[in-house]
Amino acid sequence: MKFGIAFPILTLTILIVLPIIATAEQPEGEISMSSGSAKFNVHHVLLAQLGEEHLANAVLRSGAKGEHIVCWGDRILQWDVAEDAEMVEVFSAIPGFQYSNGGCAMDVDGDGKEEIVVSRCGKPSCGSPELFRFEQVSDSQSWVDHQIASIGGEAWSAPHDILPITMEVPGRKQIKGVVALMSRRELIWYEVPDDPKAPWKEHKIGAFPVGNQSGMDIGDIAGNGRPDIACGMFWAECPADPTSQPWKIRRFGEWENGGWGGMAKTQLGDMDGDGVNEIIASEAEIENARLGIFKRDPAQPDALWEYHEIDTGLYCPHSLVLADLNDDGKLDIIVGEMTAGGWDFPWYENPKIMAYINHGDYNFERVTLVEGWGVHEMGVAPGRRNGKVLIYAADEIQLHKFTGMNTHVSYWTIE
């Protein structure tokens, strides 16, 4: 393994190893991991084993009765965050249609309960996408769908990423909406109207100068308190009035790699404690992938950012989240690999979920949290009152390449 900066020598003690076998189900249970000064207990809860049913993504939703994990693919499913949780079908499959990778949970109407915003598109190419929100009816198990917008014709493929955004506009009340990445090339945001059941207004942010960009996070990058967008190898600076003024799109990195490297996962976080967000990125869709941190020089707004390499040699790390795992006040990095890359890449016998413990000054200690379990679009829950960190994910199966792959929905608590 090649590292761009010095790492301490690591010794992994694994009490239980979870082997991955395409046709067998993997057990849930307790794992203890230690490496150098970092020691963690990881508890796995297997919510569902769905055979060859494809699930594109999973999000955590806050509802009237607590937290729920929601997944979608051909249909939309939900589980409580609890052991032995019952699976609820939020919305059944519609012949000829599917739900794309991009989607999010957000409180659209201000009632304190989050809804699901996701795109519905045609099979098999996911063309002609439309944006929908799904709302739970009171405390019942029934849901209704509301079309938000038609977000493209046959020329567009469905959004790979959709995230909620909230903005302060001078002279107006706070506004909110969602940002969608169309065809891995163009950013658009949709504004929630006073009546959320009315069509949402489309605002174009801009197109990247090159395609095949993905992975998105939203936060203050420019240092003016506005919600900027990191996506692929670019970032979009939010103007004072995003309803009428243009956004500025700039490049921060150069991970093109023949068209694959811009298909990244990105997160925003202050990794060095200077009060300014950096961009943390992993090459999500390739083997021998990189993980690193990009730091902006405010004096050179149009220059490439300073790059600090954290790790290399990862296999399709399509999951990247941040959390303070050891309660030292510094953000750590959690990365998850897939079992089978989404494009042209071989089966990986031993995918991992790994933590990179932040010791400051861009020195990180790698710890393997879980072995033998591929994940796709892993998420992290808000901070728990018990101090534990909760991550969750569904598998990404590739039945067109490998037979016998099975979908699982899981969450892990780390302490």
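Reading the values: the criteria
Residues numbered from 1 in each chain as written. Predicted model: local features only at pLDDT ≥ 70, side-chain atom pairs only at ≥ 80, totals over all residues. Heavy atoms only, no water. Buried < 20%, exposed > 50% of the residue type's maximum accessible area, 1.4 Å probe, protein only. Helix = DSSP H or I, 4+ residues; strand = E, 2+ residues; numbered from the N terminus. Pairing = 2+ DSSP bridges. Disulfide = S-S within 2.5 Å. Axes fitted to C-alpha atoms, helices over the stretch in contact; angles between N-to-C directions.

Visitor: Which residues make up the pairing of strand 17 (residues 228–231), and what values go with them?
Guide: Side-chain alternation along strand 17 places Asp228 and Ala230 on one buried face and Ile229 and Cys231 on a second face that is also buried. In this structure, strand 16 (residues 216–219) lies alongside strand 17, joined through four bridges in antiparallel fashion. Bridge pairing links Met216 to Cys231 in strand 17. Pairing between strand 17 and strand 18 (residues 234–237): three bridges, direction antiparallel. If you follow Ala230 over to strand 18, its bridge partner there is Trp235. Hairpin connection from strand 17 to strand 18: two residues lie between these consecutive antiparallel strands, with Gly232 at a positive phi of about 60 degrees.

Visitor: Which residues make up the state of the cysteines, and what are the values?
Guide: Across all of its chains, the model carries one disulfide by this definition. Between Cys121 and Cys126 runs a disulfide, and the two sulfur atoms are separated by 1.9 Å. Of the two residues, Cys121 and Cys126, both sit in the buried class.

Visitor: Residue-level account of the sheet that holds strand 21 (residues 278–283), with values.
Guide: Ordered by their spatial adjacency, four strands build an open sheet running 20-21-22-23, and the pairing between neighbours is antiparallel. Looking at which strands have only one partner, the edges of the open sheet turn out to be strand 20 (264–269) and strand 23 (306–314). Mean inter-strand twist for the sheet, computed between neighbouring axes without regard to direction, equals 15 degrees.

Visitor: Would you mind going over the sheet that holds strand 24 (residues 319–323) in detail, with residue names and values included?
Guide: Sheet strands associate in pairs through backbone hydrogen bonding, adopting either a parallel or an antiparallel arrangement. Spatial strand order, 24-25-26-27: four strands in an open sheet with antiparallel pairing. Edge positions in the sheet fall to strand 24 and strand 27 (364–371), since each has one partner strand and no second. Each strand of the sheet is rotated relative to its neighbour by a mean of 20 degrees, with strand direction disregarded. Of the strand pairs in this sheet, strand 24 and strand 25 (residues 332–336) are connected by five bridges, and their pairing is antiparallel. Within the sheet, the bridge partner assigned to Leu322 lies in strand 25 and is Ile333.

Visitor: Break down unusual backbone geometry for me, with residues and values.
Guide: With the exception of glycine, most residues fall at negative phi, and the peptide bonds are largely trans. The linkage connecting Lys123 with the following residue, Pro124, adopts the cis geometry, with an omega of -5 degrees. Following the sequence through the fold, Pro124 ends up in the loop between strand 9 (115–122) and strand 10 (130–136). The phi dihedral of Asp327 falls on the positive side, at around 55 degrees, and the residue is not glycine. For Asp327, the position within the fold is in the loop between strand 24 and strand 25. One non-glycine residue with positive phi stands out, namely Asp361, at about 55 degrees. Judged by its relative accessible area of 65%, Asp361 is exposed.

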